[in-house]
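Working through the structure, step by step
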2 protein chains.
Amino acid sequence: MRDQNPAKGLQRAELARRTGANLETVRYYEKVGLLPPPPRTASGYRSYDRAHERRLSFILRARELGFSLEEVRALLRLVDERDQPCAEASRLAAAHLADVRAKIADLRRMESVLKNVVAQCGDGTRPDCPLIETLFREAAAE
Amino acid sequence: MRDQNPAKGLQRAELARRTGANLETVRYYEKVGLLPPPPRTASGYRSYDRAHERRLSFILRARELGFSLEEVRALLRLVDERDQPCAEASRLAAAHLADVRAKIADLRRMESVLKNVVAQCGDGTRPDCPLIETLFREAAAE
DNA sequence: CTTGACCCTGTAGTCGCTACAGACCGTAGC
DNA sequence: GCTACGGTCTGTAGCGACTACAGGGTCAAG
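Fair warning: this is a prediction, and the values are worked out from it, not measured in the lab.

Attention now goes to the environment of Val118(B). Tracing the backbone through its elements, the reader meets Val118(B) in helix 5 (residues 86-121). For Val118(B) and Pro130(B), which are 12 residues apart along the polypeptide, the C-alpha to C-alpha distance reads 8.1 Å. In this structure Val118(B) touches Ser90(A), Ala93(A), Ala94(A) and Leu97(A), once residues within four positions along its chain are discounted.

A few words now on the state of the cysteines. According to the stated counting rule, one finds 0 disulfides over all chains in the structure shown. Here Cys121(A) stays unpaired: no disulfide links it, and the sulfur of Cys86(B), its closest cysteine neighbor, is 3.6 Å away. You can call Cys121(A) buried: its relative accessible area is 2%.

We now examine the nonpolar core. Core analysis: the largest hydrophobic core is formed by 82 residues, its most contacted members being Phe67(A), Leu75(A), Leu131(A), Phe67(B), Leu75(B) and Leu131(B). Top contributing element to this core by residue count: helix 5 (residues 85-121) of chain A, with 14 residues. Once residues within four sequence positions are removed from consideration, Phe67(B) is found in contact with Leu114(A), Leu131(A), Ala62(B), Val72(B), Leu75(B), Leu92(B), Ala93(B) and His96(B).

To continue, consider the protein's contact with DNA strand D. Neighbouring residues of DNA strand D: 19 residues in total, closest Tyr29(A), Ser43(A), Arg12(B), Arg27(B) and Arg46(B). Close to the protein, within 4 Å, the atoms of DNA strand D belong to sugar or phosphate groups at a rate of 66%. Arg12(B) places a polar side-chain atom, nitrogen or oxygen, 2.8 Å from a phosphate oxygen of DNA strand D. Going through the elements one at a time, helix 2 (23-31) of chain A together with helix 1 (12-19) of chain B are the ones with two or more residues in the surface near DNA strand D. It is helix 2 of chain A that provides the largest number of residues to the surface near DNA strand D, a total of 5 residues. Residue composition of the surface near DNA strand D, by class: 6 nonpolar, 6 polar and 7 charged.

Taken as rigid bodies, chain A and chain B are interconverted by a rotation of 180 degrees and an axial shift of 0.0 Å, the fit giving an RMSD of 0.1 Å. What we have between these two chains is a two-fold relation. Proximity to the rotation axis, assessed at the C-alpha, singles out Ile104(A) in chain A; its C-alpha lies 2.9 Å from the axis. In this assembly the copies share their binding face: 98% of the residues contributing to the interface of chain A also contribute to that of chain B.

Of all 8 residues in helix 6 (residues 130-137) of chain B, 6 are buried; the element is thus mostly enclosed. Here helix 6 of chain B has its buried residues at Pro130(B), Leu131(B), Ile132(B), Thr134(B), Leu135(B) and Phe136(B). Packing partners of the buried residues in helix 6 of chain B comprise helix 3 (50-64), helix 4 (69-81) and helix 5 of chain A together with helix 5 of chain B.

How each quantity is defined
- Per chain, the residues get numbers from 1 upward, laid out in the order the sequence is written.
- Written order decides the labels, with chains lettered from A and ligands numbered from 1.
- Reporting of local features is limited, given that this is a predicted model, to residues whose pLDDT is at least 70; pairs of side-chain atoms are given and counted only at 80 or more, and all residues count toward the totals for whole chains, interfaces and linings.
- For side-chain calculations, the full set of non-hydrogen atoms in the structure is used, while hydrogens and water are omitted.
- Strands here mean DSSP runs of E at least two residues long; helices mean DSSP runs of H or I at least four residues long; both are numbered from the N terminus.
- We call two residues in contact whenever any of their non-hydrogen atoms come within 4.5 Å of each other.
- Whenever a pair of cysteine sulfur atoms sits within 2.5 Å, that pair is classed as a disulfide.
- The cut-offs for exposure are 20% and 50% of the maximum accessible area for each residue type, with area from a 1.4 Å probe on protein chains only; residues under the lower value are buried, those over the upper are exposed, and the others partly exposed.
- As used in this record, nonpolar core signifies buried Ala, Val, Leu, Ile, Met, Phe, Trp, Tyr and Cys residues forming a set joined through side-chain atoms within 4.5 Å.
- Summary of the distance rule: residues count as near a molecule or strand when at least one heavy atom falls within 4 Å of that molecule or strand.
- Counted as a polar contact is a pair of N or O atoms within 3.5 Å, where, for protein atoms, one must be capable of donating a hydrogen and the other of accepting one, and residues adjacent in sequence contribute only when both atoms are in side chains.
- Under the convention adopted here, Pro, Cys and the residues Ala, Val, Leu, Ile, Met, Phe, Trp and Tyr are nonpolar, Asp, Glu, Lys and Arg are charged, and Gly plus all remaining residues are polar.
- Only residues with pLDDT of at least 70 in both copies contribute their C-alpha atoms to the least-squares superposition of the copies.

Nothing here speaks to function; it is all geometry.
The following block contains the structure:
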């Protein structure tokens, strides 16, 4: 097993395991500038510390809340600059909340139509299929 | 103005306008095999008929309901083969409905967390930002 | 000294479009 | 007939957010 001494730095796979990130995602976040490039060992291996782990967890949690990478980037900038970030952070969260609610509304319209057609289809023995008829005939939802 | 005689076929832009599709999307659907390649004029322009319009509308409505292009492809296959499609169509719709409901559930978890942090942030004058603290401290949702 | 597990890089693929660039066509006005 | 302006054609590249290789280097255990 590899080095797990906390003073010595984590390898990429270990960081991924600890945070729940996919291995390749870690490199991707570095590439797009969300994670700072970690120091390297003599042979070129990345060596992460607790600050990286903390930052990666932050990113992953923001992603779980549905923030885009650009939004995450903005949040991280607030964290890094740390002068009165709450007003701006709150604005970002509120804007994102509105997005989320819009998506929920869209999905609910879909759900409602789908629920109806599935109910009408019943056991599927009908000669005319309500789903197919719906798609041919009407606008999907209003 | 171009030919709008319904007996003579529609050009791509006209088909797009009538169905509400984006111009480029029409060509894309042809490329991926959802729309059959229409006949061409002597100079190579596509010439669509009512069947194309009907099929394109079908695709767009299925997309509005959130079906993936692969699911749309499956639905169109059922339409084309037309032997007792309802059981299979209903199965597709039910599976998709489950997806939609799962997405709604995910989004609702996000909404709930975001709503709380926005409320806690208040007017954004706090020195510690509840959003940023949340992202650093906790798992986002359970 | 070999095996196998890890690491490195760069690149291509995913989904569903969307947006060009650069060429051709077709019509209206002069 | 000439020109301008729009439409159409093709192929290709880009988006977001990863994910999955290929082809190589490194490291520790047996």
